[in-house]
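One letter stands for each residue in the lines below.
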Amino acid sequence: LSPIHILSDKYLFSAHMLQHVLLTLVAPPLLILGIPGWLISPLILNKKWTLLFFRSVFHPVSAVVFFNLVFSIWHLPVLYELSVSHHPIHVVEHLLFMIAAFIMWWPICSKVPEIPRLNYPLQMVYMFVMSLAQIVVFGIITFASEPIYDHYAHAPRIWDISPLADQQLGGIIMKVGSGFLFLTLIIIAFFRWFDEGSNDEEDSIM
């Protein structure tokens, strides 16, 4: 019911990309950080196989591959048109986005000791890979010579923006939004790693 939802469903591809950024890069890490570890641990430690299952699901390589596979597949024109034309499919798409993003953010935001977050050097490598992973989708959408998605090519025009310019803006929102976020987190991880090393040196001297 939000204005972003109405704009993304009926008018602007760029609004839809903004919605995807919020669903994959903002909401999931806040959800993970907002859930107490003691609430999640019993689910993971319920049985031995559940721990093994969740460790494989939240493994950094699995997380990167799964998230980018889900994200890329749903931006294929056939599936994209299907999702914006049928609301139940659209809901499924967004749920899959959030599940994949939840898995992707786990190695950075985990509060569960059984499946902990990566150390700072690996966090930087992980986020650098994530910042590069969507380049293909970004490039196709942003540098296309004509609109890719018929739904937005024939949508009512608002704000005097052409379908192609709207598509290019959407691609920029997708890449710049994720790139800026991951770059910021890489810098934060670096300084935390530096502080951690400085504290260890002080402890060894004392």
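Moving on, we get to the overall build of the protein. Summing up its helical and strand segments, the protein has 11 helices and 0 strands in all. Secondary structure elements in the protein, listed N-terminal to C-terminal, are α-α-α-α-α-α-α-α-α-α-α. When contacts within the protein are restricted to residue pairs at least 6 apart in sequence, long-range pairs at least 24 apart make up 74% of them. For the protein, the computed accessible surface area is about 11,500 Å², with 74% contributed by carbon and sulfur atoms. Each charge class in the protein was averaged separately, 9 positive and 14 negative side chains, and the resulting centres sit 11 Å apart.

Turning our attention to a nonpolar patch on the surface. Taken together, Leu183, Ile187, Phe190, Phe191, Trp193 and Phe194 make up a surface patch of nonpolar side chains, about 620 Å² in accessible area. Secondary-structure assignment places Phe191 in helix α11 (residues 163-205). Residue Phe191 is classed as partly exposed on the basis of its relative accessible area, which comes to 48%.

Turning to the packing of aromatic side chains, a few remarks are in order. As enumerated under the stated definition, the model contains 15 aromatic pairs in all. Seen from their ring centres, Phe13 and Tyr80 are 5.8 Å apart, and the 45° between their planes marks the pair as tilted. Of this pair, Phe13 sits in helix α2 (residues 13-34) while Tyr80 sits in helix α6 (residues 77-85); the two residues are 67 residues apart in sequence, bridging distant segments of the chain. Relative to Phe182, the ring of Trp105 lies with its centre 5.7 Å away and its plane at 20°, an arrangement referred to as stacked. On the criterion of sequence distance, the pair formed by Trp105 in helix α7 (residues 87-109) and Phe182 in helix α11 is long-range, its members being 77 residues apart. What makes Trp105 buried here is its relative accessible area of 2%. For Phe182, a relative accessible area of 2% translates into the label buried. Counting every residue linked through ring pairs, the aromatic cluster contains Phe53, Phe54, Phe58, Phe102 and Trp106.

By the element assignment, Ile161 lies in the loop between α10 (150-153) and α11. According to the relative accessible area criterion, Ile161 is buried, its value standing at 19%. With 66 residues separating them in the primary sequence, Ile161 and Leu95 have C-alpha atoms 30 Å apart. The contact partners of Ile161, leaving out residues within four places of it in the chain, are Leu12, Asp166 and Leu169.

Here the focus is the environment of Asn68. Along the chain, Asn68 falls in helix α5 (residues 60-73). Distance from Asn68 to Thr184, taken between C-alpha atoms, is 20 Å for residues 116 residues apart in sequence. The contacts of Asn68, once residues within four sequence positions are left out, are Met130, Ala133 and Gln134.

What counts and how
Residues numbered from 1 in each chain as written. Predicted model: local features only at pLDDT ≥ 70, side-chain atom pairs only at ≥ 80, totals over all residues. Heavy atoms only, no water. Helix = DSSP H or I, 4+ residues; strand = E, 2+ residues; numbered from the N terminus. Contact = heavy atoms within 4.5 Å. Areas by Shrake-Rupley, 256 points an atom, 1.4 Å probe, with all protein chains shown as cover. Lys, Arg positive; Asp, Glu negative; His and termini not counted. Charge placed at Lys NZ, Arg CZ, Asp CG, Glu CD. Patch = residues over 30% accessible without salt bridge, like charges linked within 9 Å, V, L, I, M, F, W, Y side chains within 5 Å. Salt bridge = Lys/Arg side-chain N within 4 Å of Asp/Glu carboxyl O. Buried < 20%, exposed > 50% of the residue type's maximum accessible area, 1.4 Å probe, protein only. Phe/Tyr/Trp six-rings, centres within 6.5 Å; stacked < 30°, edge-to-face > 60°.

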